[in-house]
Amino acid sequence: MMTKFLDQVLRQDETVLWEGAPSRVEVIEPGNKLALILRWCGCTAFAALAIFYWAVLAPSFGIPPLRGACISLVTLAVCFAVAVTPVLNARQLPKVIRFAVTDRRLLVCNGKKQAYTYRTLNDFTSATVERLPNGTFHVFFGPVAHGVRRRTHDTVLVYTESYRFDPLVFSCLEEVDSLLAVLPDYIQVNGRPDTHTNQAA
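Each residue is numbered by its place in its chain's sequence as written, counting from 1. With pLDDT at 70 or above as the cut-off, local features in this predicted model cover only qualifying residues; side-chain atom pairs require 80 or more to be listed or tallied, and sums for whole chains, interfaces and linings still use all residues. By convention in this description, side-chain values take in all heavy atoms of the structure and omit both hydrogens and water.

1. Brief notes about helix 3 (residues 65–96)
The helix and strand labels rest on DSSP assignments: H or I over at least four residues marks a helix, E over at least two residues marks a strand, and numbering proceeds from the N terminus. Expected helix span is given by 1.5 Å per residue-to-residue step, counting one fewer step than there are residues. Under the 1.5 Å per step criterion, the end-to-end length of helix 3 is 43 Å for 32 residues, consistent within 8% with the ideal 46 Å. A residue's bend is simply the angle between two axes: one fitted to the seven residues ending at it, one to the seven starting at it. Of all the bends in helix 3, the largest measures some 40° and sits at Val 84, one to four residues before the proline Pro 86. Residue burial is assigned from relative accessible area. The probe radius is 1.4 Å, only protein chains are included, and a residue is buried under 20% of its type maximum, exposed over 50%, and partly exposed in between. Turning to helix 3, its buried residues are Gly 68, Ala 69, Ser 72, Cys 79, Ala 83, Pro 86, Ala 90, Leu 93 and Val 96.

2. Things to note about the packing of aromatic side chains
Whether two aromatic rings pair depends on their centres lying within 6.5 Å, for rings of Phe, Tyr and Trp, where Trp uses its six-membered ring; planes under 30 degrees apart make the pair stacked, over 60 edge-to-face, and the rest tilted. In total, this model carries four aromatic pairs according to the counting rule given. Ring geometry for Tyr 116 against Tyr 118: centres 6.2 Å apart, planes inclined by 25°, an arrangement best described as stacked. By relative accessible area, which is 10% here, Tyr 118 ends up buried. Taken together, a centroid distance of 5.2 Å and an interplanar angle of 70° make the contact between Phe 141 and Phe 170 edge-to-face. Of the two residues, Phe 141 sits in strand 6 (residues 137–141) while Phe 170 sits in strand 7 (residues 168–173), which places them 29 residues apart along the sequence. Under the relative-accessibility criterion, Phe 141 is labelled buried at 0%. Assessed through its relative accessible area of 0%, Phe 170 is described here as buried. Ring pairing ties together the aromatic residues Trp 18, Phe 99, Phe 141 and Phe 170, which thus form one cluster. Remark: a charge is flagged as sitting over a ring if the NZ atom of Lys or the CZ atom of Arg is within 6 Å of the ring centre and within 35 degrees of the ring normal. One residue, Arg 105, lies across the ring of Tyr 118, its end atom 4.7 Å from the ring centre.

3. Description of the nonpolar core
Nonpolar cores are built from buried Ala, Val, Leu, Ile, Met, Phe, Trp, Tyr and Cys residues. Side-chain atoms within 4.5 Å join them into one set. In terms of nonpolar packing, the biggest core is built from 29 residues, with Val 139 and Phe 170 touching the most fellow members. Secondary-structure elements contributing two or more residues to this core are helix 3, strand 2 (97–102), strand 3 (105–110), strand 5 (126–131), strand 6, strand 7 and helix 5 (177–182). If near-sequence neighbours (up to four positions away) are discounted, Val 139 is found in contact with Ala 127, Thr 128, Val 129, Leu 168, Val 169, Phe 170, Leu 173, Val 176 and Leu 179. In this structure, Phe 5, Leu 6, Val 9 and Tyr 118 belong to the second largest nonpolar core, which totals seven residues. Residue contacts follow a heavy-atom distance rule, with two residues in contact if any of their heavy atoms lie within 4.5 Å.

4. Examining the pairing of strand 2
Across the six residues of strand 2, five count as buried, placing the element largely inside the fold. Paired strands, as defined in this entry, are two strands with at least two bridges between them according to DSSP. Examined bridge by bridge, strand 1 (residues 16–20) and strand 2 share four bridges and lie antiparallel to one another. Bridge pairing links Glu 19 to Ala 100 in strand 2. Sheet topology places strand 2 next to strand 3; five bridges connect them, and they run antiparallel. The residue bridging Arg 98 from the neighbouring strand is Cys 109, located in strand 3. Connecting strand 2 to the next strand, strand 3, in antiparallel fashion are two residues.

5. Description of the environment of Val 139
Counting through the fold element by element, Val 139 comes out in strand 6. Residue classification places Val 139 among the buried residues on the basis of a relative accessible area of 0%. Taking the C-alpha atoms as reference points, Val 139 and Leu 179, separated by 40 residues in sequence, lie 9.4 Å from one another.

6. Examining helix 2 (residues 33–60)
Spanning 28 residues, helix 2 covers 39 Å between terminal C-alpha atoms, matching the ideal 40 Å at 1.5 Å per step. Of all the bends in helix 2, the greatest, near 45°, is centred on Tyr 53. All buried positions along helix 2 are accounted for by Leu 36, Cys 43, Ala 47, Ala 50, Tyr 53 and Ala 58. Buried residues belonging to helix 2 abut helix 3.

Written out as structure tokens, the structure reads:
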């Protein structure tokens, strides 16, 4: 299905030079750790308030038990959904996301949702490789801003012209040598895997 969808988004005479997919995706990464902690703390706080409302506030204000229960249960359900979404996204990422480099573009495709985003190769002059604690790699095209670090687990892909120069990330790659080999010479690569290996040694 993914190969068929990728064929559909290719332009006339466009050639795929490399394809890949996320691997061993971790829920918590250095770039999203703080955001996840804040999310889960917020969900926990709202869930506690919902239980307190159900058990204490609603009866003390004479709110009918069924109404109090419904309000609290809806709040708990929303908190649960918000809390588990990052976990579900991390599990889904290897199944639905594919990356590709063509002779013209960088592509990120979601075969399940039949959606994709892209960047034109000649709009970039730099790429940065970062090794994660589990041994996989993120490859950032363009500046490595904090905002792009929060998009490493994105499964919702939309492209508009206003995104043309926005950074793009290929996340959680098992290996990057084959990807880097097909990038044009005008894209300077920072943090190649051998650099990380030497540092670790």
